[in-house]
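# Structural features, examined
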Amino acid sequence: MKNILIPRRLEDRAERHKIITQRKIQEYIKKGSTGDLNLRNAPIEKLPDNLISIGGGLDMQDSKIKDLNNLESVGGSLDLENSLIESMGHLKTVGGYLFLGKTPISEKYSEVQIRKMIKVKRSIYMTD
């Protein structure tokens, strides 16, 4: 009798999670980048080059994201809380709230400095 409870290697799981996340983003782009995109806990460090806009909100809380790359606009709120974000890339506008608590970027820049870089319609939350 074979043991069906043999655990898979963790490396394979992490790589599969990355591939699934990348496919999810590409499907979102293919469908016109409308609505919200939930990438909470995403294992990717950088958004793909061809993701330019998000029609709704973008949730990347607790993710490994370090760079927003070519992303220029988020129609709703952008949640990067507790992520590893170091660069806002080409981001110009956020149509809702911007959450940056517990991030490297919130330690590097003040709210005033971030507002000079990015037009945020609502509040910016920098603390936990």
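Residues numbered from 1 in each chain as written. Predicted model: local features only at pLDDT ≥ 70, side-chain atom pairs only at ≥ 80, totals over all residues. Heavy atoms only, no water.

## Considerations on the packing of aromatic side chains
The condition is simple: Think of it this way: a Phe, Tyr or Trp ring, Trp meaning its six-membered ring, pairs with another when their centres are within 6.5 Å, and the plane angle makes it stacked under 30 degrees, edge-to-face over 60, tilted otherwise. Per-residue accessibility, obtained with a 1.4 Å probe over protein chains only, is compared with the maximum for each type, and a residue is labelled buried under 20%, exposed over 50%, and partly exposed between these values.
Taken as a whole and assessed by the stated rule, the structure comprises 3 aromatic pairs. Both rings, one in tyrosine 97 and one in phenylalanine 99, keep their centres 6.1 Å apart while their planes meet at 40°; by these two values the pair is tilted. Look at phenylalanine 99 and you get partly exposed, because its relative accessible area is 24%. With a relative accessible area of 31%, tyrosine 97 lands in the partly exposed category. Following the ring pairs from residue to residue traces out a cluster consisting of Tyr97, Phe99 and Tyr125.

## Focus on the sheet that holds strand β6 (residues 93–94)
Condition: Here, strands pair whenever DSSP counts at least two bridges between them. Put simply, DSSP H or I for four residues or longer makes a helix, DSSP E for two residues or longer makes a strand, and each gets a number counted from the N terminus.
Strand order in the open sheet formed by 4 strands is β2-β4-β6-β8, and the pairing between neighbours is parallel. Here the strands that pair on one side only, and so sit at the sheet edges, are β2 (53–54) and β8 (119–120). Across 2 bridges, the pairing between β2 and strand β4 (residues 73–74) is parallel. Its bridge partner lying in β4, isoleucine 54 is registered against valine 74.

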